[in-house]
Structure formats: structure tokens, C-alpha cells
Amino acid sequence: MSERSFNVFTARAEQIDPEANIIATYYVEGKDISIVEAGVKIAAEESIGTWTEVSTATEWIVKNLPAKVFEHKVQDKNTGIIKIAYPNTLFDFETGGIPHILSIVAGNLFGSSSLQNVRLLDLEFPSEFVSLFKGPKFGIEGVRKLIGTLDDRRPHLGTIIKPKVGLNPKETANVAYEAAMGGVDFIKDDETLTNQKFCPLADRVTHVMTALDRVKSETGRTVLYSPDVTTETYKLRDLAQVALDHGANALMVDVIPCGFSAVRLLAEDPSIKVPIHVHRCMHAAMTRNPKHGISMMVISKLVRLAGGDQFHTGTAAGKMGGKEKKIEELISINDFLKGRFYRLKATFPVASGGVHPTLVPINVLTLGKDLVIQAGGGIHGHPEGTRVGATAMRQAIDAAVNGVPLEEYAKTHRELAVAIKHWGMKFVSDD
Ligand code: CAP
Ligand code: MG
């Protein structure tokens, strides 16, 4: 690395003002280069550099625009953690928003031939950037107010209509009615269902909401239903309107296929007065490899900025994810979503995927009560059907929040006992 590059693309930590920069933390593995050299390559590529020196760089550019490596921690030879400060002047926060940020902090660098691996671990934003976002419209408190759990603050129970696709609108509504009568607070479409011919969105929402209105009149309970409006950006607002016009009291969108801006478009629209549930399908293409890609912490920060009211972050035990999945990472992500982040409301973390009653205690004990515990197969796969399956899940939640061992609670709660007998007490861990 030339001395000039070192001087242009590095700085001492005390020279970096977090209010004047977006700060990115990366895990890097240099190919026969040190992590500082790897960091300089990233800083150059993502700010003013390219693979060779150019005569056209003006004094102003070199003074004001370079990204700077300002912290590094070697883990092993050419492997370690670096922090890079990207000056606010590099961006137009108002126009560029999240897409533009990502084109820089998560852009060409992933393909650099100088790096064996690189993973974007975290992003820290200046208040100038965060102040442009409205964030979640409802947040945890707003969703709890809709469901009526502001006082008892138990975890919410959600379900995913299963089979994930194929039911017609009436059949979908029957499953929704049974799940709601069994005790679920929240019902979502699966991430692959939108407006297919076998279950058109408008019909589905009409039938499901009629069923949930019946639940309301029979039990007094409000149950949210989030139809999936995942579609092309230019069609998103109209499809969301179709769902709202037919009574939807929540909306769902797949953030990775649609983009963070799709979440923001729905969340920041003042005429959309329902919570936004955000599914993360496709995330594992970026998050699964512990050495390369983008962390769930980064994705979670962007979803909260964009305004997701509920977001899938994973389970303490379930079916998704692999050996690399770390519980402490999941806890830190959920703590971020629930914690203070400038003035933005909190986002409800969702634990879903392979969950059934036996797995409820470990998820509640590990992830806390400000949690949406979701089960698809774990409810609709109960030997006595959906309604009993939902009741068994609610019983497992009650046992967990009251600190009663599940098998003890099952002695006086038949639905739970049948579930435990069916799935066993050996919980399915992610590994
Ligand atoms: C869960 C689910 C969700 C997963 C996604 C599924 O169904 O509907 O999409 O929760 O995983 O299709 O697997 P089950 P994550 O309850 O039947 O597993 O929440 O980790 O993104
Ligand atoms: Mg699913």
C-alpha cells in the first residue's frame, strides 16, 4: 500500500466524529494483505478510489470525500474486524435514503479480489440521517394496544396459514377462524402467498376479515391479519390499498425481495393506518455465512428505520438457520429492536420457524416477553387440529411466563399434553 493511500484512507479514532459519518464495522479476510490494507481497499473503492491512481482527483475531493479506516482488531494474520467512517458529504441522505447508503457501505466491496471474505457486521448512523425517517407507526406499544396486552405484556401468539399456498379464500378464512378461536393474536399469510388465482387477495382478505369480525363479536378479542402484499415497487401501494379496502387490519411485506424502501413506502404513508409485518425470506443468502455477506443486525436496523412494526429475527430453537447461528447475536438484535434508537418506536421481534409448544419456554426464557411467537406447523399440525393447536401454544406461553415447567402445566391442560406427546420434549435445536 502506498504511503499516500495510507494517509488518504486512514485516520486515528479521535479524528472521527460519529455525527459527521456513517460508521461501518466489517469482518475482513485479506488475500495476502493485512486487515488495514483490506480496509483501505474498501474505503478507497467505496469513496473516491479505484484500482489505480487517477490524475483527475482534485484537492477538494481528496480533502473531503475519502472514507477512513480508523479502528482495527486483528484476530488472526490477515483476518479481523475493522471500522470505516464514511463522511456524510459522500451521501445525499434526503434523496438517496437507504438504497444509496447500501450502494456505498455494502456495494462493490463484496466482489473485491483483494478480499477472501468480508461481512458487514454493523452500521451506526448520524442523527442527521435517522431524523429523516419516521420509523414504525405502531411499534410494540401500538401493536399491544390493538391486541389489548399493554397491561399483561405476555408474548403475542402468531400463526401462519398452512399449507403455505393452495387454500381458497373460504378455506383460508376457516383456518383463520379456528386459529383465532384457539387463541392466536395475529395471523399472517405465508411469505409465498400474494394474489395467486387459487386465492385472490381481495377475496381472501374479505373472507378472513369476516371471520375475524365474528371472533370479535363472539369473544371480544381483536385478532390482526396481515395479508402479504409483496409485489413490484410500482404496484405495491395499489395492492396494499386493495387489502385495506377489503378490511385488512395489518399488512405484510417480504423486505429482501421488495427492498427496504417498500417497507418505508407503506410505513410512512399516513393513509395506511395499520401495522406493517416484515418477513425476511431470502435473508440467508446474505446472513448465513459467518465470514461473508451482511449481518441480521444491519438488516434489522434498516427495517426499524424503514418502519417495520414486526420483524422476523429468528428463534432460540426452531428450524431456520444453521450451526453459525448464535444466540447472543439474536439476543443483541432483539435488544436493538426493543431498545432506544433515537426517537423511533420499537419493532416487535418475531420468533418463527419450526416452533411448537415444547419450544415455547426456551424462546421466551431466552428472548423475553416482548416477542411475537409464531407457529405454522406447530399449530395446524396438532393432532386435534388448528383450534386446539392454538390453545396448546397459548398454554405453553402461559406456562413459560409463569415459570411453570411445561410437563407440570400439561397435567392440568389437556391440549398442551397432547402436543407434548405428539412432538416430544426433545426440542429441535437449530444445530
Ligand atoms: C414458519 C414459516 C416462516 C418462517 C421463516 C415458514 O412456518 O412460515 O416463513 O418462520 O423463518 O415458512 O417456515 P412454520 P424466519 O412455523 O411451519 O415453521 O422466521 O426465521 O425468517
Ligand atoms: Mg413461511
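Predicted model only: the values in this text are computed from it and were never measured. (Residues numbered from 1 in each chain as written. Chains lettered and ligands numbered in written order. Predicted model: local features only at pLDDT ≥ 70, side-chain atom pairs only at ≥ 80, totals over all residues. Heavy atoms only, no water.)

*Asks:* Just checking my understanding: could you explain the sheet that holds strand 5 (residues 156-160) for this structure?
*Replies:* Where strands meet in a sheet, backbone hydrogen bonds hold them as pairs that are either parallel or antiparallel. If you trace the eight strands from one edge of the open sheet to the other, you get 7-6-5-13-12-11-9-8, paired in parallel fashion. Two strands bound the open sheet, and with one partner strand each, they are strand 7 (224-226) and strand 8 (251-254). Each strand axis lies, on average, 25° off the axis of its neighbour in the sheet, ignoring direction. Here strand 5 runs beside strand 6 (residues 186-188); their pairing, made up of three bridges, is parallel. (Pairing = 2+ DSSP bridges. Helix = DSSP H or I, 4+ residues; strand = E, 2+ residues; numbered from the N terminus. Axes fitted to C-alpha atoms, helices over the stretch in contact; angles between N-to-C directions.)

*Asks:* I keep staring at the domain arrangement of the protein and nothing clicks. Help me out?
*Replies:* How big an interface is tends to be reported as the loss of accessible area on association of its parts. Considered domain by domain, the protein is made up of domain 1 (3-130) and domain 2 (139-423). The gap between the C-alpha centroids of domain 1 and domain 2 is 36 Å. On the domain 2 side, the residues contacting the 22 residues of domain 1 number 22 residues. In total, about 1800 Å² of surface goes out of reach between domain 1 and domain 2, with carbon and sulfur atoms giving 61% of it. Taken as a group, I98, R119 and V130 account for 38% of the area that domain 1 buries against domain 2, more than any other trio of residues on that side. Along the contact surface separating domain 1 from domain 2 lie two salt bridges. The closest approach of N and O atoms between D122 and K301, which form a salt bridge, is 2.8 Å. Remark: the boundary between domain 1 and domain 2 carries 11 residue pairs in polar contact (both at pLDDT 80 or more). Where the side of domain 1 that touches domain 2 is concerned, the elements lending two or more residues are strand 1 (21-30), helix 4 (93-105), strand 4 (115-124) and helix 5 (127-130). Broken down by element, the side of domain 1 that touches domain 2 gets its largest block of residues, eight residues, from strand 4. For the side of domain 1 that touches domain 2, the per-class residue count stands at 14 nonpolar, three polar and five charged. (Domains from an automatic or database assignment. Contact = heavy atoms within 4.5 Å. Buried area = accessible area lost by both parts, 1.4 Å probe. Salt bridge = Lys/Arg side-chain N within 4 Å of Asp/Glu carboxyl O. Polar contact = N/O pair within 3.5 Å; in protein donor to acceptor, adjacent residues only side chain to side chain. Nonpolar A, V, L, I, M, F, W, Y, C, P; charged D, E, K, R; others polar.)

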